[in-house]
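# What the coordinates show
The primary structure of each chain is shown beneath.
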Amino acid sequence: MGKIYDLIILGAGPAGLAAGIYAGRDRLDTLIIEKGQDGGQIAITNEIENYPGSKLEGESGPSLIARMTAQVEKFGAQRESDTIKSVELDGDVKTLHGTKGDYQAKAVILALGAHPRPIGCKNEEKFVGRGISFCATCDAGFFEDFEVYVVGGGNSAVEEAMYLTHYARKVTVIHRRDALRADELVQEKAFKTPKLEFMWNSVVEEVDGDDLLNKMIVKNTKTGELTTIEADPEDGLFGLFGFIGYLPNTDVVKGAVELDERGYIPTDADMATNVPGVFAAGDVRPKSLRQVVTAAADGAIAAKAAYRYIDSLK
């Protein structure tokens with residue numbers, strides 16, 4: 001049998017990194033496993049204004065995460081880049097099966113995060129990466145001086161739409177209701193933003209094009225009227241960005257821990273799941289506010305609870 005860690009943290013978003021900081025400070029032998037880049041969704045966020053202690057000017061998702069990662073390194077958590085394919089979480093030793101090998105620990109924190117919810121229109125899969133995107137920071141530059149549409153009405157949709165106005169010649173927010181769900185402060189800023197327009201009571205029914213996205217059909221949610229939108233012939237394409245929420249990354253733990261009807265991992269106030277020694281933190285939990293600050297708080301609580309659980313095994 002190989003090494004058995006005190007704690008394995010699966011995921012290096014704000015929740016996983018915060019857990020790594022607290023676990024390291026408690027001198028737990030900790031391993032953080034992340035299949036991609038640190039930061040999760042926040043790593044592709046252009047501007048951070050509401051995280052306590054963040055820089056007043058010029059704070060971005062990557063800059064905040066870089067400091068969190070440095071803190072994790074300072075307190076000694078080990079790192080591994082791998083994709084976990086299956087898990088065995090019952091018993092005193094938990095086993096995670098990855099593409100590079102198996103990892104074992106006395107306790108596990110599932111900081112698996114979430115991924116963008118699809119727009120839900122016909123032909124969507126065909127045009128992801130060919131006009132459809134879910135990351136303004138990643139892909140805004142591809143639409144310099146083009147027209148862009150953003151689906152959604154919450155904070156993320158409106159904030160990313162404002163960011164896109166720095167690149168596109170016009171940005172239109174498509175929202176299924178007649179009022180935004182974004183915070184009042186965000187709305188006030190949006191309505192004053194040049195090049196930003198709104199298409200109310202509308203949903204995207206279908207997208208089309210030859211090789212690139214250049215046509216879509218939008219349905220009015222009140223009248224049922226269908227409107228066809230086509231790219232300017234000189235452009236040949238337009239951008240369509242989806243920001244309508246997220247889906248939890250819990251496929252790998254189905255059957256191993258309890259999931260709710262939406263696929264999230266329920267926990268108690270100490271982030272404990274229904275399996276002893278297994279905790280969940282961040283966007284993978286059902287919660288009313290999905291922000292960096294709540295994810296970090298979850299991670300800290302989970303790490304302290306894991307410490308107490310591991311101590312109880314002695």
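Look up a bit, the structure's there.
What comes next is a walk through the structure. What you see is a predicted model, and the numbers here were worked out from it, not measured in a lab.

## A look at the sheet that holds strand E14 (residues 226–230)
- An order of E12-E13-E14 is seen for the 3 strands of this open sheet, with the pairing classed as antiparallel. In this open sheet, the two edge strands, each paired with only one partner strand, are strand E12 (202–209) and E14. Pairwise comparison of adjacent strand axes, ignoring direction, gives a mean angle of 25° for this sheet.
- Inspection of the sheet shows E12 paired to strand E13 (residues 213–220) by 7 bridges, in the antiparallel sense. The partner of Val203 across the bridge, within E13, is Lys219.

## Digging into the nonpolar core
- One finds Leu7, Tyr51, Met68, Ala107, Ile109 and Phe279 to be the most contacted residues of the largest nonpolar core, which totals 35 residues.
- At the level of elements, strand E1 (4–10), helix H1 (14–25), helix H2 (61–74), strand E6 (102–110) and helix H7 (292–312) are the ones that each hand at least two residues to this core.
- Broken down by element, the residue count for this core peaks at 9 residues, all from H7.
- Residue contacts for Phe279: discarding those within four places in its chain leaves Ala107, Val108, Ile109, Leu110, Asp270, Met271, Ala272, Thr273, Ala302, Ala305, Ala306 and Tyr309.
- In this structure, Ala168, Val171, Val173 and Phe241 belong to the second largest nonpolar core, which totals 23 residues.

## Some points on a negative patch on the surface
- Among the surface-exposed residues, Glu47, Glu49, Glu57, Glu159, Asp183, Glu184 and Glu188 lie close enough to one another that they form a single negatively charged patch.
- By secondary structure assignment, the location of Glu184 is in helix H6 (residues 184–191).

## With respect to the pairing of strand E15 (residues 239–242)
- Here E15 shows a buried face lined by Gly239 and Phe241 and a second buried face lined by Leu240 and Gly242.
- Alignment of strand E8 (residues 132–133) against E15, held across 2 bridges, turns out to be parallel. Pairing of Ile132 across the sheet is with Leu240, part of E15.
- In this sheet, E15 lies alongside strand E9 (residues 147–151) in parallel orientation, the contact comprising 4 bridges. If you follow Val150 over to E15, its bridge partner there is Phe241.

## A closer look at the pattern of salt bridges
- Taken as a whole, this structure holds 17 salt bridges when the rule is applied.
- The salt bridge partner of Asp235 is Arg169, with a shortest N-O separation of 2.5 Å. Residue Asp235 is found in the loop between E14 and E15, and its partner Arg169 is found in the loop between helix H5 (155–164) and strand E10 (170–174); the two are separated by 66 residues along the sequence.
- Among the residues examined, Asp235 registers a relative accessible area of 21% and is labelled partly exposed.
- A relative accessible area of 32% places Arg169 in the partly exposed class.
- A salt bridge links Lys170 to Glu197, with the shortest nitrogen-to-oxygen separation between them at 3.9 Å. Here Lys170 is found in strand E10, whereas its partner Glu197 is found in strand E11 (residues 196–199), with 27 residues between them in sequence.
- A residue is classified by how much of its surface remains accessible, and Glu197, at 41% relative accessible area, is partly exposed.
- Several salt bridges share partner residues, and in doing so they unite Glu147, Arg169, Asp232 and Asp235 into one network.

## Quick word on the environment of Asp92
- Turning to its location among the elements, Asp92 is positioned in the loop between strand E4 (84–88) and strand E5 (94–98).
- For Asp92 and Ile32, which are 60 residues apart along the polypeptide, the C-alpha to C-alpha distance reads 19 Å.
- When neighbours within four sequence positions are excluded, Asp92 is seen to be in contact with Ala105, Lys106, Tyr309 and Leu313.

## Some points on the packing of H1 against H2
- H2 packs onto H1 with a crossing angle of 30° between their chain directions and a minimal axis gap of 8 Å. Relative to H2, the element H1 lies roughly parallel. Judged by the twist between their axes, the crossing of H1 over H2 is left-handed. On the side of H1, the interface is formed by Pro14, Leu17 and Ile21, while H2 contributes Ile65, Met68, Thr69, Gln71 and Val72.
- Classifying every residue of the contact of H1 with H2 by side-chain character gives 6 nonpolar, 2 polar and no charged.

## Focus on the pairing of strand E2 (residues 30–34)
- Counting buried residues along E2, 5 of its 5 residues qualify, which places the element largely inside the surrounding structure.
- By the alternation rule, side chains of E2 split into Thr30, Ile32 and Glu34 and Leu31 and Ile33, which are all buried.
- Where E1 lies against E2, 4 bridges are found, and the strand directions are parallel. In the sheet register, Leu7 faces E2, and the bridge partner there is Thr30.
- Pairing geometry for E2 and strand E3 (residues 78–81), over 4 bridges, is parallel. Bridged to Leu31 within E3 is Gln78.

Scoring rules and cut-offs
Residues numbered from 1 in each chain as written. Predicted model: local features only at pLDDT ≥ 70, side-chain atom pairs only at ≥ 80, totals over all residues. Heavy atoms only, no water. Pairing = 2+ DSSP bridges. Helix = DSSP H or I, 4+ residues; strand = E, 2+ residues; numbered from the N terminus. Axes fitted to C-alpha atoms, helices over the stretch in contact; angles between N-to-C directions. Core = buried A, V, L, I, M, F, W, Y, C linked by side-chain atoms within 4.5 Å. Buried < 20%, exposed > 50% of the residue type's maximum accessible area, 1.4 Å probe, protein only. Contact = heavy atoms within 4.5 Å. Patch = residues over 30% accessible without salt bridge, like charges linked within 9 Å, V, L, I, M, F, W, Y side chains within 5 Å. Areas by Shrake-Rupley, 256 points an atom, 1.4 Å probe, with all protein chains shown as cover. Salt bridge = Lys/Arg side-chain N within 4 Å of Asp/Glu carboxyl O. Lys, Arg positive; Asp, Glu negative; His and termini not counted. Charge placed at Lys NZ, Arg CZ, Asp CG, Glu CD. Parallel < 35°, antiparallel > 145°, perpendicular 65-115°, else oblique. Left-handed = near helix turned anticlockwise from the far one by under 90°. Nonpolar A, V, L, I, M, F, W, Y, C, P; charged D, E, K, R; others polar.

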